[in-house]
Amino acid sequence: MTSTQDAKAPAGEVVLEAIGLTKHFPVRRQLRHLLKKQHDAVHAVDDVSLTLRRGQVVALVGESGSGKSTVARLLAQLYPRTGGDIQLHGEPTAVKGGAAFRRYAARVQMIFQDPFASLNPVHTIRYHLTRALKIHGNAGSNAQELEEALTDLLNRVSLTPPARYLDKFPHELSGGQRQRVAIARALGARPEALLADEPVSMLDVSIRLGVLNLLRDLKERLNLAILYITHDIASARYFADETLVMYAGRMVEGGDSETVTQTPAHPYTRLLIDSAPDPDRLTADIDPAEEDRGNGEPPSLIHPPAGCRFHPRCPMAMPRCTTDLPVRLEIGDRPGHWAACWLYDEATVQAQQPGTAAR
Ligand code: SF4
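**Quick word on helix α6 (residues 143-156)**
An α-helical turn contains 3.6 residues, so any two residues separated by three or four positions project in the same direction.
Part 1 of the argument: The end-to-end C-alpha distance of α6, which contains 14 residues, comes to 20 Å, matching closely the 20 Å that a straight helix rising 1.5 Å per residue would cover.
Part 2 of the argument: Along its buried surface, α6 packs onto α5 (125-135), α7 (163-166), α8 (175-187) and α9 (205-222).
Part 3 of the argument: In this structure Asn142 caps α6, since a side-chain oxygen of it lies 3.1 Å from the backbone nitrogen of Gln144.
Part 4 of the argument: The positive-phi residue at the C-terminal boundary of α6 is Ser158, with phi of around 60 degrees.

**Re the sheet that holds strand β2 (residues 40-53)**
Part 1 of the argument: On the basis of which strands lie adjacent, the open sheet formed by 4 strands has the order β2-β1-β4-β5 and antiparallel pairing. Only two strands of the sheet have a single partner each, and these edge strands are β2 and β5 (91-92).
Part 2 of the argument: As judged from the 2 bridges shared by strand β4 (residues 83-88) and β5, these two strands associate in the antiparallel manner. Each residue of the ladder has a partner; that of Leu88, found in β5, is Glu91.

**Observations concerning the nonpolar core**
Part 1 of the argument: Grouped together as the largest cluster of nonpolar side chains are 56 residues, with contacts concentrated most on Leu129, Leu154, Val157, Ile183, Leu187 and Tyr268.
Part 2 of the argument: If you tally residues by element for this core, the top one is α9, at 6 residues.
Part 3 of the argument: In contact with Val157, other than residues within four places in its own chain, are Arg180, Ile183, Ala184, Leu187 and Leu214.
Part 4 of the argument: Grouped together as the second largest cluster of nonpolar side chains are 31 residues, Leu21, Leu74, Ala76 and Met110 included.

**A few points about the sheet that holds strand β3 (residues 57-61)**
Part 1 of the argument: Within the open sheet, the 8 strands sit side by side as β6-β7-β8-β3-β9-β10-β12-β11. Their pairing is mixed. The open sheet has two free edges, formed respectively by β6 (108-111) and β11 (328-330), since each of these has just one partner strand. Put simply, the sheet's adjacent strands are angled 20 degrees from each other on average, direction ignored.
Part 2 of the argument: With 2 bridges joining them, strand β10 (residues 250-256) and strand β12 (residues 338-340) adopt antiparallel strand pairing.

**Notes on helix α3 (residues 68-75)**
Part 1 of the argument: The buried fraction of α3 amounts to 6 of the 8 residues, a majority that puts the element mostly inside the structure.
Part 2 of the argument: When α3 is considered as a whole, its buried residues turn out to be Lys68, Thr70, Val71, Ala72, Leu74 and Leu75.

**Remarks on the pattern of salt bridges**
Part 1 of the argument: Counted according to the given criterion, the structure contains 16 salt bridges.
Part 2 of the argument: Here Arg81 makes a salt bridge to Asp85, at a shortest N to O gap of 3.8 Å.
Part 3 of the argument: The exposure class assigned to Asp85 is partly exposed, which follows from its relative accessible area of 22%.
Part 4 of the argument: One salt bridge connects Arg107 with Glu192, and the closest N-O pair in it is separated by 2.6 Å. Pair noted here: Arg107 is in helix α4 (residues 99-107) and Glu192 is in the loop between α8 and β7 (193-197), with a separation of 85 residues, a long-range link.
Part 5 of the argument: Taking the relative accessible area as the measure of exposure, Arg107 reaches 31% and is therefore partly exposed.
Part 6 of the argument: The buried category is assigned to Glu192, whose relative accessible area is 5%.
Part 7 of the argument: Taken together, the salt bridges that share partners define one network made up of Glu13, Arg54, Arg107 and Glu192.

**Regarding the pairing of β3**
Part 1 of the argument: Across the 5 residues of β3, 5 count as buried, placing the element largely inside the fold.
Part 2 of the argument: What you see with β3 is no split at all: Val57, Ala59 and Val61 on one side and Val58 and Leu60 on the other are buried throughout.
Part 3 of the argument: Where β3 and strand β8 (residues 225-230) come together, 5 bridges link them in parallel fashion. Following the sheet pairing, Ala59 is matched in β8 by Tyr228.
Part 4 of the argument: Direction of pairing for β3 relative to strand β9 (residues 242-247): parallel, over a ladder of 4 bridges. Paired with Ala59 across the strands is Thr243, a residue of β9.

Cut-offs applied
Residues numbered from 1 in each chain as written. Predicted model: local features only at pLDDT ≥ 70, side-chain atom pairs only at ≥ 80, totals over all residues. Heavy atoms only, no water. Helix = DSSP H or I, 4+ residues; strand = E, 2+ residues; numbered from the N terminus. Expected span 1.5 Å × (residues − 1). Contact = heavy atoms within 4.5 Å. Polar contact = N/O pair within 3.5 Å; in protein donor to acceptor, adjacent residues only side chain to side chain. Pairing = 2+ DSSP bridges. Core = buried A, V, L, I, M, F, W, Y, C linked by side-chain atoms within 4.5 Å. Buried < 20%, exposed > 50% of the residue type's maximum accessible area, 1.4 Å probe, protein only. Axes fitted to C-alpha atoms, helices over the stretch in contact; angles between N-to-C directions. Salt bridge = Lys/Arg side-chain N within 4 Å of Asp/Glu carboxyl O.

Here you go:
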């Protein structure tokens, strides 16, 4: 079902790029503000850049409310962006509504977190998949070709034999089977990029690995670019080639997944990794200062902290962190590993040494 052109495209070719993506949601906090027409905004995403390449998975990791799902929805153009640019094969994307937008929607498909909510309960699997194939012009020219396309889609997501599933309703399937149908529906558009928004977080632990393995298999066989949104940094290491970490609407660290998960540079990434349950740490002697590290809540995104947004929780915070927004700084000798943190700016760290004049 993949076009010849897709199969021949070189792995690593850039498919989709976000440049300085920004999204502010207007809010009206109080009735009196509403009457005065005073508006604040939730700074959900600020200046996020990422690149999706053929045959590669990029994981976007962060806690709830960090803005990672908003990034996926902006890339899918479900939300209009406040600023920044989205480019498909280097071309700026069209405004929602026209023929160019429909072509974009076919090439960039989204998989949602909740497979039950994303499928209409009153329609069969056949209806969902047929609709996707017809909308994107992939249903063939007669009933037999349509049936072959439906069978092919279900085979691709390992729902076999297809005849057993085609005429079932979503409630007759397990959570894992429903998510496979949602993936099959996305494949019906013959996309080049998949935006998977926490695709396994609502599934039983026992079937998560199967769905991740399916996505990895599709990535390799169909040469797909995949954005994998997750709060589980351990699964990013397993599944993704590159990992990007978000905190309070901003990107704070990035690099190849092995490096970011094994030698994290940003204090927030270290906190995320240390937050994963580890039986060894339950019995180890824990330094109380270490245990308190990163305590606190994520900040308000209506009035985010000045400087580094992590500074109210950061045990390493320096005076500069409260005023100056950290820039991306290269880390060590691993190409492509960076962190937005003043700890990696030599001049800043030296200025904090005892006996050194304050900035
Ligand atoms: Fe902590 Fe400062 Fe780095 Fe932010 S910039 S993570 S506050 S050390």
